[in-house]
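Descriptive structure summary
So you can see what is in the structure, the chains are spelled out below.
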Amino acid sequence: AAQVFSCSLGAAVSDLRRAPACCRPLPVLRATEDHTVLIRTDLLHPGKVPVPFPCPEERRDRWDDTHVKMPCSQHNLFPVDPTDAILKYNASHAKHWSFTALHSYCTGLQEAESAQLFNDLLPSMARLALRASSLFTQPIPLLTAQRCGSITLSQDQVSCLLANAFFCTFPRRNSRRTEFSNYPDINFSRLFEGSSRAKQEKLKTLLCYFERVTKRRPDGLLTYTRQSLQSLPSWSSSEQQFSRLHISSSGTIEEQGHGMLQVDFANRFVGGGVTGSGLVQEEIRFLINPELIAARLFTEALEDNECLIITGAEQFSRYSGYANTYRWAGNHDDQTPRDEWLRRHTEIVAIDALQYRSFLQQFQPDCLRRELNKAFCGFVRPGTPAECMSAVATGNWGCGVFGGDTRLKAVLQMMAAAEAGRDLMYFTFGDVDLLRDVHRIHTLFTHTQATVGSVFSLLLEYYECVCKKTGRGKPEETLYSFLTERLDR
Ligand code: AR6
């Protein structure tokens, strides 16, 4: 019902920066010690499918602790023909895996659709999966904890990784008791189980992607960057003033936030339940932009001072609904322009909030600092001038499944954005009261010329004077009335 009264407040949308308009020229794309480039940069041409680097004769294979273990590796002891049934390949798991969702999907198809799936799409996907050895001529490094690192590869290569994920061919990735226990699941085995309608819709969304990339090979690049910050702001002494805020009760991060830094309300295992049963903000984004799922192959669980930035993911599907009401709504033709590295101008950042057991816990100084640092890590781009950074498109981060308080999180994100030198575009997802309250508090911050440090001190004071005196549940005095009373003096 709230959607009916959709409205927006704050800075004019046209005053917020977006890519590509705000971007400065990129440096030449080349591999460095912490940037692996899996394609020939000298042969990059718009409209041409990138060529893997190095050439097949110089192919390098690794089977160690710092690289992805590939199905095509000569060290892989499993049978290497994924056209075999998934179960034959994973014989030891056959007992536990269920294919209920896949079965219902197939039996629900019309005859022509079914013929198309079995005679055309699945064989094409198997062929795509089998191209791994020619598409990956150097090992893919793992983006391990506490190390900055980037991987640039082609959308074509990513499609091959995802086809392998579909057929569950990644070795050492089917059990939590392996060296990959601190990595997200990549094989799709759990996608095929269960009987919910939502699962069917997830399958449709992913098969739409495979349909597209097997019909026509995508020709762009993507970069996955793990950013670990070794030095973090001293929040209580920050002199930064608040940046601009545009807030809207309608619209979504992915649609209205085009060209901005788009926040993924992540799990520390990026992608969360996308290959299982999850279906909220992060999972939906990973389904409609499936190239994000590849990050699960090489991104170790995020720690408190870390984020994952993905540049260039293309949107292949549209959707309607949310969670249980999620529905695949057909193809999406992504017209986002490309940068000089042939990546779509879509920058998504995965930041994982903390999950709270009680309302009061999130006001503890350690929790405040942790969330500020996490958001700051996601927003800051060391070395990039403020005028070259787009606004951040975000919303109720950590406030759905993770149970955080929207009003506190909005303030924390405003503080992190100010410290990082960026404006904010905030989507309240239909909540008009929240829109009004957040706009009011932001106006108060700017009118009183409050600094990030002064607001941080007030948050600490609210914890000391109000939260600590509240036994359980929610404090009688709300955070915003406390802040208003103190700042209005
Ligand atoms: N644009 C703007 N706002 C949105 C959108 C959207 N597209 N979608 C949802 N919201 P949630 P969390 C709003 O619960 O609490 C996943 O499993 C909406 O108000 O996804 O950080 C992850 O993998 C919604 O209630 O984020 C993690 O495990 C709110 O954003 C976990 O959920 C929060 O969305 C993270 O949970």
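Scroll up to find the structure this text is about.
Below or above, wherever it landed, is the structure these notes cover. The model shown is predicted, which means the values in this text are computed figures rather than measured ones.

Here we come to the overall build of the protein. Each helix and strand in the protein was counted, giving 14 helices and 12 strands. The globule rule puts the C-alpha radius of gyration for 489 residues at 23 Å, and the 23 Å found for the protein is close to it. With the C-alpha coordinates of the protein rotated into their principal frame, the extents come out at 70 × 50 × 40 Å. Buried positions account for 56% of the 489 residues belonging to the protein. A separation threshold of at least 6 residues defines the contact pool for the protein, and within that pool the share at least 24 residues apart is 78%. By element, 51% of the accessible surface of the protein is carried by carbon and sulfur atoms, the whole surface being about 20700 Å². Each charge class in the protein was averaged separately, 54 positive and 54 negative side chains, and the resulting centres sit 3 Å apart.

Taken together, 20 residues are adjacent to the ligand, and Glu282, Glu283, Gly398, Gly400 and Val401 come closest. Between asparagine 267 and the ligand, the recorded distance is 2.9 Å, taken from a side-chain N or O atom to an oxygen atom. In the environment of the ligand, an oxygen atom lies 2.6 Å from a nitrogen or oxygen atom belonging to the side chain of glutamate 282. Considered on its own, the ligand offers 700 Å² of accessible surface; in the complex 92% of this is hidden by protein. Judged by the proximity of its atoms to the pocket grid, the ligand belongs to the second largest pocket.

Moving on, we get to the nonpolar core. Phe136, Ile140, Phe188, Phe192, Phe210, Tyr224 and Phe298 are the most contacted members of the largest nonpolar core, which totals 71 residues. Sequence-distant contacts of phenylalanine 298, defined by excluding residues within four places in its chain, comprise Val68, Ile140, Pro141, Leu142, Leu143, Ile151, Tyr183 and Tyr224. Core analysis: the next-biggest nonpolar cluster, separate from the first, contains 65 residues, Ile253, Val349, Trp397 and Phe402 among them.

Turning our attention to helix α14 (residues 479-487). Among the residues of α14, Leu479, Tyr480, Phe482, Leu483 and Leu487 are the ones counted as buried. Projected down its long axis, α14 carries its buried residues within an arc of 160 degrees, all on one side. Looking at the buried side of α14, the elements it contacts are α11 (406-420), α12 (432-447) and α13 (452-465).

The next thing to look at is α13. An ideal rise of 1.5 Å per residue puts 20 Å on 14 residues; α13 measures up with 20 Å between its terminal C-alpha atoms. Three or more residues of α13 are buried, namely Val452, Gly453, Val455, Phe456, Leu458, Leu459, Tyr462 and Tyr463. Residues of α13 that are buried sit in contact with α10 (365-379), α11, α12 and α14.

This part takes up the layout of surface pockets. Space inside the largest pocket adds up to approximately 1200 Å³. Lining the largest pocket are 41 residues; nearest its centre among them are Leu26, Arg343, Glu347, Arg381 and Thr384. For the lining of the largest pocket, the secondary structure elements donating two or more residues are β3 (149-154), β4 (221-228) and β7 (306-311). The element contributing the most residues to the lining of the largest pocket is β4, with 4 residues. The class makeup of the residues in the lining of the largest pocket is 17 nonpolar, 14 polar and 10 charged. In this model, the second largest pocket occupies a volume close to 620 Å³. The wall of the second largest pocket is formed by 34 residues, among which Phe265, Val280, Gln281, Glu282 and Tyr322 lie closest to the centre. Breaking the lining of the second largest pocket down by element, the ones donating at least two residues are α7 (253-256), β6 (261-266) and α8 (281-288). Per element, the largest residue contribution to the lining of the second largest pocket is 5 residues, and it comes from α8. Its residues assigned to classes, the lining of the second largest pocket shows 16 nonpolar, 13 polar and 5 charged.

Overall, the coordinates contain 1 cavity of 30 Å³ or more when judged by the stated rule. Approximately 70 Å³ is the volume found for the largest cavity. Every residue along the wall of the largest cavity is listed here: Arg59, Arg60, Asp61, Arg62, Val68, Met70, Cys72, Ser73, Phe136, Gln138, Pro139 and Ile140.

What follows is about the packing of aromatic side chains. Evaluated as defined, the whole model comprises 16 aromatic pairs. For the pair phenylalanine 166 and phenylalanine 188, a centre-to-centre distance of 6.3 Å together with 75 degrees between the ring planes defines the contact as edge-to-face. Of this pair, phenylalanine 166 sits in helix α5 (residues 155-166) while phenylalanine 188 sits in the loop between α5 and α6 (197-215), placing them 22 residues apart in sequence. Pair check on accessibility: phenylalanine 166 and phenylalanine 188 agree, each one buried. On the numbers, 5.1 Å between centres and 75 degrees between planes, the contact of phenylalanine 166 with phenylalanine 192 is edge-to-face. Placement of phenylalanine 166 in helix α5 and of phenylalanine 192 in the loop between α5 and α6 is noted, with a sequence separation of 26 residues between them. Assigned by exposure class, phenylalanine 166 and phenylalanine 192 land together as buried. Against the face of tryptophan 397 rests lysine 409, its NZ or CZ located 5.4 Å from the ring centre.

Quick notes on the rules
- Residues numbered from 1 in each chain as written.
- Predicted model: local features only at pLDDT ≥ 70, side-chain atom pairs only at ≥ 80, totals over all residues.
- Heavy atoms only, no water.
- Helix = DSSP H or I, 4+ residues; strand = E, 2+ residues; numbered from the N terminus.
- Rg over C-alpha atoms; globule rule 2.2 N^0.38 Å.
- Buried < 20%, exposed > 50% of the residue type's maximum accessible area, 1.4 Å probe, protein only.
- Contact = heavy atoms within 4.5 Å.
- Areas by Shrake-Rupley, 256 points an atom, 1.4 Å probe, with all protein chains shown as cover.
- Lys, Arg positive; Asp, Glu negative; His and termini not counted.
- Charge placed at Lys NZ, Arg CZ, Asp CG, Glu CD.
- Near = heavy atom within 4 Å.
- Polar contact = N/O pair within 3.5 Å; in protein donor to acceptor, adjacent residues only side chain to side chain.
- 1 Å grid on protein atoms, 1.4 Å probe; cavity = no way out; pocket = protein on both sides within 12 Å on 5 of 7 lines; lining within 4 Å.
- Sits in = over half its atoms within 2 Å of the grid points.
- Core = buried A, V, L, I, M, F, W, Y, C linked by side-chain atoms within 4.5 Å.
- Arc of directions from axis to C-beta.
- Expected span 1.5 Å × (residues − 1).
- Points joined across faces, edges and corners; volume = space filled by probe spheres on them.
- Nonpolar A, V, L, I, M, F, W, Y, C, P; charged D, E, K, R; others polar.
- Phe/Tyr/Trp six-rings, centres within 6.5 Å; stacked < 30°, edge-to-face > 60°.
- Lys NZ or Arg CZ within 6 Å of the ring centre and 35° of its normal.

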